[in-house]
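Understanding the architecture of this molecule
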Amino acid sequence: MELDVHKEAASKMDKTISVYKEELAAIRAGRANPALLDRISVDYYGQMTPLKQVGSVSAPEPRLLVIQPWDANLIPVIEKEIIKSDLGLNPSNDGKLIRLIIPQLTEERRKDLIKVVKKNSENAKVAIRNTRRDAIDKIKKMEKDKELTEDDRKQAEEHMQEITDKHIAMIDEITAKKEEELMEI
């Protein structure tokens, strides 16, 4: 039995997982990934603009990111924003390109990043459980308003739990992959 409540909750849970994936993409794993720079915005003619909209970002080598702005006047602005960010990267430029060398992660830094990943994972799970709780409250209200029978309510709650379990398992799988990626040398 699929109710609108289930569809709405599943949609919110999918959104939570999508946000979680974006958070993980910003955690560098010692390998060059253009997604590392997704959160960086630069002042482009008085407007804060995402970096990927003012130039191309590529990873030509496993430990190197190259930013090629479409407007060469932006190079100092981009460098300043990268230095200000919490990425810990030092940009170098040749007047046309900005190169970011991704340093090897230390064992201690890897463990710290895994702690951050686990914290983000737990936050995503809490968000999913909150969505489940809200959906079950709506289901109970539907029973109270005589829109559902008691058996239908129980069945709807069980279905809601199945949806929740599926999304929690997805988060666990994504977390395990990221941890594995972080521990790669």
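This is a predicted model, so every value here is computed, not measured.

Attention now goes to the packing of aromatic side chains. Tallied over the entire structure, the rule returns one aromatic pair. Arranged with centres 4.8 Å apart and planes meeting at 65°, the rings of Tyr44 and Tyr45 form a pair that is edge-to-face. For Tyr44, a relative accessible area of 30% translates into the label partly exposed. With relative accessibility at 69%, the residue Tyr45 sits in the exposed group.

Time to look at the layout of surface pockets. There is about 360 Å³ of room inside the largest pocket. Those elements giving two or more residues to the lining of the largest pocket turn out to be α1 (4–25) and α3 (107–144). Grouping the constituent residues of the lining of the largest pocket by class yields seven nonpolar, one polar and seven charged.

Right, let's get into the nonpolar core. Among the nonpolar cores identified, the biggest contains 27 residues, and Tyr20, Met160 and Leu182 are the most heavily contacted of them. Of all the elements in the fold, those that place two or more residues in this core are α1, α3 and α4 (150–183). The element best represented in this core is α3, accounting for nine residues. Counting residues in each nonpolar core, the second largest holds 18 residues, with Leu51, Leu65, Leu74 and Ile75 among its members.

Time to look at the environment of Lys15. Relative to the assigned elements, Lys15 resides in helix α1. Taking the C-alpha atoms as reference points, Lys15 and Ile128, 113 residues apart in sequence, are found 9.7 Å from one another.

Before going further, it helps to spend a moment on the pairing of strand β4 (residues 64–69). For β4, the buried fraction is high: five of the six residues fall into the buried class. Summarising the sheet, strand β3 (residues 55–61) and β4 pair through five bridges and their orientation is antiparallel. Note on β4: the bridge partner recorded for Val57 is Ile67. Between β3 and β4, which pair antiparallel in sequence order, lie two residues. Looking at chain direction, β4 and strand β6 (residues 98–101) are connected through four bridges and run antiparallel. When the bridges of β6 are listed, Leu65 appears paired with Leu100.

So, on to the packing of α1 against α4. Two elements in contact, α1 and α4, have axes separated by 11 Å at closest approach and are oriented at 10°. Taken together, α1 and α4 sit at an angle that is classed as roughly parallel. Of the residues in α4, those touching α1 at His6, Ala9, Ala10, Met13, Asp14, Ile17, Tyr20, Lys21 and Leu24 are Ala156, His159, Met160, Ile163, Thr164, His167, Met170, Ile171, Ile174, Thr175 and Lys178.

Here we come to the sheet that holds β3. Across the sheet, which stays open at both edges, the four strands sit in the order β3-β4-β6-β5 with antiparallel pairing between neighbours. Both outer strands of the open sheet, β3 and β5 (91–93), are each paired with one neighbouring strand and no more. Direction aside, the axes of adjacent strands within the sheet are offset by 25° on average. In the packing of helix α2 (residues 75–84) onto the sheet, the strands contacted are β4, β5 and β6, and the crossing angle to β5 comes to about 165°.

Turning to its location among the elements, Thr131 is positioned in helix α3. In this structure Thr131 comes out as buried when scored by relative accessible area, which is 10%. Within the local environment of Thr131, its side chain forms a polar contact with the backbone oxygen of Ala127, the two atoms lying 3.0 Å apart. Beyond its immediate chain neighbours, meaning those up to four positions away, Thr131 contacts Ala9, Lys12 and Met13.

It is worth spelling out the side chain of Thr175 at this point. Position of Thr175 relative to the elements: it lies in helix α4. Here Thr175 is in contact with Tyr20, Val117 and Ser121, once residues within four sequence places are set aside.

What counts, and where the lines are drawn
- Throughout, residues of each chain are indexed from 1 in the direction in which the sequence is written.
- Under the rules for a predicted model, residues below a pLDDT of 70 receive no local features and side-chain atom pairs below 80 are neither given nor counted, while totals for whole chains, interfaces and linings still include all residues.
- For side-chain calculations, the full set of non-hydrogen atoms in the structure is used, while hydrogens and water are omitted.
- Paired rings are identified among Phe, Tyr and Trp, the last through its six-membered ring, by centres lying within 6.5 Å, and are further divided according to the angle between planes into stacked (under 30 degrees), edge-to-face (over 60) and tilted (the rest).
- For every residue, the accessible area obtained with a 1.4 Å probe (protein chains only) is divided by the maximum for its type, and the residue is called buried under 20%, exposed over 50%, and partly exposed between those limits.
- Within this scheme a cavity is a closed region of a 1 Å grid, computed over the protein atoms alone, that accommodates a 1.4 Å probe without allowing it to escape, whereas a pocket is open but has protein on both sides within 12 Å along at least five of seven lines; lining residues each have an atom within 4 Å of a point.
- Grid points are joined across faces, edges and corners, and a volume is the space filled by probe spheres set on the points.
- Here a helix means four or more residues in a row that DSSP labels H or I, a strand means two or more in a row labelled E, and each is numbered from the N terminus.
- The classification used treats Ala, Val, Leu, Ile, Met, Phe, Trp, Tyr, Cys and Pro as nonpolar, Asp, Glu, Lys and Arg as charged, and all other residues, Gly among them, as polar.
- Nonpolar core, defined: a set of buried Ala, Val, Leu, Ile, Met, Phe, Trp, Tyr and Cys residues in which side-chain atoms within 4.5 Å join the residues together.
- We call two strands paired when DSSP finds no fewer than two bridges between them.
- Throughout, an axis means a line fitted to C-alpha atoms (over the contacting stretch in the case of helices), and angles, computed between N-to-C directions, take values from 0 to 180 degrees.
- Small angles under 35 degrees read as roughly parallel and large ones over 145 as roughly antiparallel, with 65 to 115 read as roughly perpendicular and the rest as oblique.
- Residue contacts are counted whenever heavy atoms from the two residues lie within 4.5 Å of one another.
- Here a polar contact means two N or O atoms within 3.5 Å. Within protein one must be a hydrogen donor candidate and the other an acceptor candidate, and residues neighboring in sequence count only if both atoms are side-chain atoms.

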